[in-house]
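Take a look at the letters that make up each chain.
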Amino acid sequence: MATLKVPAHVPPPSEDAEQLHKAFQGWGTNESLIISILAHRNAPQRNLIRQTYAEAYGEDLLIALDKELSSDFERSVLLWTLDPAERDAYLANEATKKFTSSNWVLMEIACTRSSVELFKVRQAYHARYKRSIEEDVAYHTTGDFRKLLVPLVSAFRYEGQEVNLTLAKSEAKILHEKISNKAYNDDEIIRILSTRSKAQLNATLNHYNNTFGNAINKNLKVDPKDEFLKLLRATIKCLTCPEKYFENVLRLAINKLGTDEWALTRVVTTRAEVDMQRIKEEYHRRNSVPLDRAISGDTSGDYEKMLLALIGHGDA
Amino acid sequence: MRESQHHIFLLAAKHKKEDMAHLQELEALTKALSGLGIDEKSLISILGKSDPARRTTFRQRSTHFFIEDERSFERWDDHRINLLRLEFVRFENALVLWAMHPWERDARLVHEALTLVPQSYRVILEIACTRSSEELLGARKAYHSLYDHSIEEDVAIHVTGSERKLLVALVSAYRYEGPKVSEDAAKSEAKLIAKAIKNGDKKNPIDDDEVIRILTTRSKPHLKAIYKHYKEVSGKNINEDIEAADFILKETAECLCNPHAYFSKVVDEAIRNDADHNTKKALTRVIVTRADVDLKEIKEEYNSLYGVPLTQKIDDNANGNYKDLLLALMTRD
């Protein structure tokens, strides 16, 4: 469930655009006004505002925001304002670049979005970067990481709930066999994780747990320093229980010495309209502290205000 | 005396004329039952109107359809009946395929290639590489609806060996379709491919990660740029080098960058006398699936490759409604 709060009566996009334009004028910027509008509009509404703003003032709203804002607050507003597919395309592209490279972000996008959403990301990627997401991911990764990530971003999984229990049994067995032989990058593991529907995977992994006594991720914890195993475990988590995965990312981002703002911003802006409510509940359950409080304790200023607004703190 | 001789002479001549006519009919019947599809009209007008004696002659003279049974009658060869059945149904299959939505068509063709026929990877290659990115996406959507599976999960489970990686990646691709190409990248990738082909005897190029990356993710314009640079890098045309290399590599490259030549070759193989059942199916598949796309260009390429118009080849080798349907598809304007 989303945590985004939208007011009962939403002003027309022209009014929102006008208010935003006002917020940019004069000395300094009216950040609170920006938050009060943008942090309380859903994706279709934000798209309309962008369109209206461009027609009225001849400039892309994002460019105006870029000029006026800075640092983590700017990043959170820019990412938030983008349409979800464009946002994911932006994050994916960033994740392939040298200094910002992150296999995690690629895997996260590939595995936690629905099949339809992931395809929209691929379309947005074409439009913005004039290349396919898979060609960039393939080019910028090597070895086992490429072997796992390219199929993951190219998947168009069946989204039905049908499950074949016989298949679940046999594939659980295959997974167990490969893992026992330490063949973590085996073609069969990649095949199962990157092509099966999420419902089928769930059935397979439940069967794994029932039959072999351990959840698969426990068996994959063999070497805590192995980056590929870490990614594999995270992949499985994303595919089967994304809220737990995101709670984990948030916890690590907040507990870090300093804060991993990029991870925090990414999770909040990409999940606020999706399942942030469940992530909040999971966070509270796991950390005995509500997420609002944890974020407040670790961030400040307009950045803090933006994040809190997106996770549903305060009114619409 | 002379009158009776004359009479016998006339009778003999009449019989000879009848014999000639019978011979011609026999030839017509044989033709109606060989080649692709069945000439239904001829069968009706000749066999349909035949008397028992004529039919006996037909059975006795058609030794490839009928065998002499030990109990003194001419018996249909069962194998021949099965083959004939396929020919009778060729028109129906073509029509059903033609009426189908292109997405459903491609989804069904891939599913059939995976489950009914062993080692029929060519069809999967063909669909994955010759369709546009949006057409391939459509096929993937239709596949979900028809089979409750994703196309990639079925390809992955049914294809084994080196081909699996290639085919799964090919059906999963959503290539960029704009003209923008990085010449530098194309140049360095031409070198990578040339190196992989050169080492072909030690390691199969389709097992090379970089070859797979390039063939399965790069846009078609980019691939064409690579082919252009290949000649500069290795001295030879990529087609010549690939000829000797892996068959699948060759077909992939051809489908991606020279589909009209690929389709011409496939269709020509289908029309040959020694074509097997699966090879023959390609004729329907290519004409029906390309009729709304690039059949005109395929016809031109066919003519330039083989010196004969494709329509004529089809006219000569196909029969009846099946032939009429194909020609109708090919001569729309």
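Just above, that's the structure.
Residues numbered from 1 in each chain as written. Chains lettered and ligands numbered in written order. Predicted model: local features only at pLDDT ≥ 70, side-chain atom pairs only at ≥ 80, totals over all residues. Heavy atoms only, no water.

Asker: I tried to follow the overall build of chain B on my own but got confused; where do I start?
Answerer: Summing up its helical and strand segments, chain B has 19 helices and two strands in all. Its C-alpha radius of gyration of 26 Å places chain B more than 25% over the 20 Å reference for a compact globule of 333 residues. Seen through its C-alpha atoms, chain B measures out along the principal axes to roughly 100 × 45 × 45 Å. Considering chain B as a whole, with its 333 residues, one finds that 45% of them fall into the buried category. Working note: accessible area of chain B is about 17,300 Å², and carbon and sulfur atoms make up 53% of it. A gap of 2 Å separates the mean positions of the 51 positive and 56 negative side-chain charges of chain B. (Helix = DSSP H or I, 4+ residues; strand = E, 2+ residues; numbered from the N terminus. Rg over C-alpha atoms; globule rule 2.2 N^0.38 Å. Buried < 20%, exposed > 50% of the residue type's maximum accessible area, 1.4 Å probe, protein only. Areas by Shrake-Rupley, 256 points an atom, 1.4 Å probe, with all protein chains shown as cover. Lys, Arg positive; Asp, Glu negative; His and termini not counted. Charge placed at Lys NZ, Arg CZ, Asp CG, Glu CD.)

Asker: I keep staring at helix α15 (residues 259-271) of chain B and nothing clicks. Help me out?
Answerer: Along an α-helix, residues three or four positions apart point the same way, because every turn accommodates 3.6 residues. All names here are of chain B. Between its first and last C-alpha atoms α15 spans 18 Å; for 13 residues at 1.5 Å apiece the expected length is 18 Å, and the two agree. Every buried residue belonging to α15 is among P259, A261, Y262, F263, S264, V266, V267, D268, A270 and I271, and all of these are buried. On its buried face, α15 sits against α6 (121-130), α14 (247-257), α16 (277-290), α17 (295-306) and α18 (310-317). (Expected span 1.5 Å × (residues − 1). Contact = heavy atoms within 4.5 Å.)

Asker: I keep staring at the interface of chain B and chain A and nothing clicks. Help me out?
Answerer: By a frequent convention, interface size equals the accessible area lost on bringing the separate parts together. Listed as interface residues are 26 residues of chain B and, on the opposing side, 26 residues of chain A. Of the roughly 2,500 Å² buried at the junction of chain B and chain A (both faces included), carbon and sulfur atoms supply 56%. Taken together, the links from chain B to chain A amount to four salt bridges. In this structure, the salt-bridge partner of B:R218 is A:E135, at a minimum N-O distance of 2.6 Å. Secondary-structure elements contributing two or more residues to the side of chain B that touches chain A are α7 (133-147), α8 (151-158), α9 (162-172) and α11 (209-217) of chain B. In terms of residues, the side of chain B that touches chain A owes the most to one element, α7(B), which gives five residues. A per-class count over the side of chain B that touches chain A returns six nonpolar, six polar and 14 charged. (Buried area = accessible area lost by both parts, 1.4 Å probe. Salt bridge = Lys/Arg side-chain N within 4 Å of Asp/Glu carboxyl O. Nonpolar A, V, L, I, M, F, W, Y, C, P; charged D, E, K, R; others polar.)

Asker: Could you clarify how one ought to interpret unusual backbone geometry in this entry?
Answerer: Where the residue is not glycine, phi is negative for most of them; where a peptide bond is considered, it is trans in most cases. Residues and elements named next belong to chain A. One non-glycine residue, S71, adopts positive backbone phi at about 60°. Here S71 shows up in helix α5 (residues 71-81). In this structure S71 comes out as exposed when scored by relative accessible area, which is 57%. Unusually for a residue other than glycine, S288 sits at a positive phi of about 60°. Relative accessible area serves as the criterion here: at 59%, S288 is assigned to the exposed category.

Asker: How should the packing of aromatic side chains be read in this particular structure?
Answerer: The relation between two aromatic rings is expressed through the spacing of the ring centres and the mutual angle of the planes. Tallied over the full model, the rule gives 14 aromatic pairs over all chains. With centroids separated by 5.7 Å and ring planes inclined at 80°, the aromatic side chains of A:F145 and A:F228 adopt a geometry described as edge-to-face. Of this pair, A:F145 sits in helix α10 (residues 143-154) while A:F228 sits in helix α15 (residues 227-240), and the two are 83 residues apart along the sequence. A residue is classified by how much of its surface remains accessible, and A:F145, at 24% relative accessible area, is partly exposed. Using a relative accessible area of 6% as the deciding quantity, one classes A:F228 as buried. Between the aromatic rings of B:F66 and B:W76, the centroid separation amounts to 4.4 Å while the plane-to-plane angle is 40°, which identifies the pairing as tilted. With a gap of 10 residues between them, B:F66 in strand β1 (residues 66-69) and B:W76 in strand β2 (residues 73-76) connect regions that are remote in the sequence. Here B:W76 falls in the partly exposed class, since its relative accessible area comes to 32%. Grouping aromatic residues by their ring pairs yields a cluster made of B:F58, B:F65, B:F66 and B:W76. Above the face of the A:W80 ring, A:R46 is positioned so that its terminal group lies 3.9 Å from the ring centre. The ring centre of A:F119 lies 4.9 Å from the NZ or CZ of A:R122, which sits over that ring. (Phe/Tyr/Trp six-rings, centres within 6.5 Å; stacked < 30°, edge-to-face > 60°. Lys NZ or Arg CZ within 6 Å of the ring centre and 35° of its normal.)

Asker: I would appreciate a short explanation of the pairing of β2(B) in the present structure.
Answerer: Within a regular strand, side chains alternate between the sheet's two faces. Residue and element names in this part refer to chain B. Pairing analysis gives four bridges linking β1 to β2, with the strands arranged antiparallel. Within β2, the position partnered with D69 by the bridge is F73. Once β1 ends, the chain turns through three residues before running back antiparallel as β2, passing S72 with a positive phi of about 65°. (Pairing = 2+ DSSP bridges.)

Asker: Even after reading the chapter, I still don't get the pattern of salt bridges, so can you show me in this structure?
Answerer: Two side chains that carry opposite charge are able to pair once their charged atoms sit near each other. All names here are of chain B. Taken as a whole, this structure holds 51 salt bridges over all chains when the rule is applied. Notably, a salt bridge pairs E25 with R54, separated by 2.8 Å at the nearest N-O pair. One end of the pair, E25, is in helix α1 (residues 2-32); the other, R54, is in helix α3 (residues 52-61), with 29 residues separating them in the sequence. Looking at E25, the relative accessible area reads 26%, which means it is partly exposed. On the accessibility criterion, R54 (29% relative accessible area) is partly exposed. When the shortest N-O distance is used, the salt bridge between E104 and R108 registers 2.7 Å.

Asker: Looking at this model, I keep getting lost on the packing of helix α13 (residues 198-212) of chain A against α15(A). Mind explaining?
Answerer: When two helices pack together, their arrangement is given by the angle between the helix axes and the distance between those axes. All names here are of chain A. For the pair α13 and α15, the least separation of the axes is 9 Å and the interaxial angle reads 115°. Crossing angle aside, the handedness with which α13 passes α15 is left-handed. Between α13, through K198, L201, N202 and L205, and α15, the contact on the second element is made entirely by I236, L239 and T240. Residues belonging to the contact of α13 with α15 are distributed by class as follows: four nonpolar, two polar and one charged. (Axes fitted to C-alpha atoms, helices over the stretch in contact; angles between N-to-C directions. Left-handed = near helix turned anticlockwise from the far one by under 90°.)

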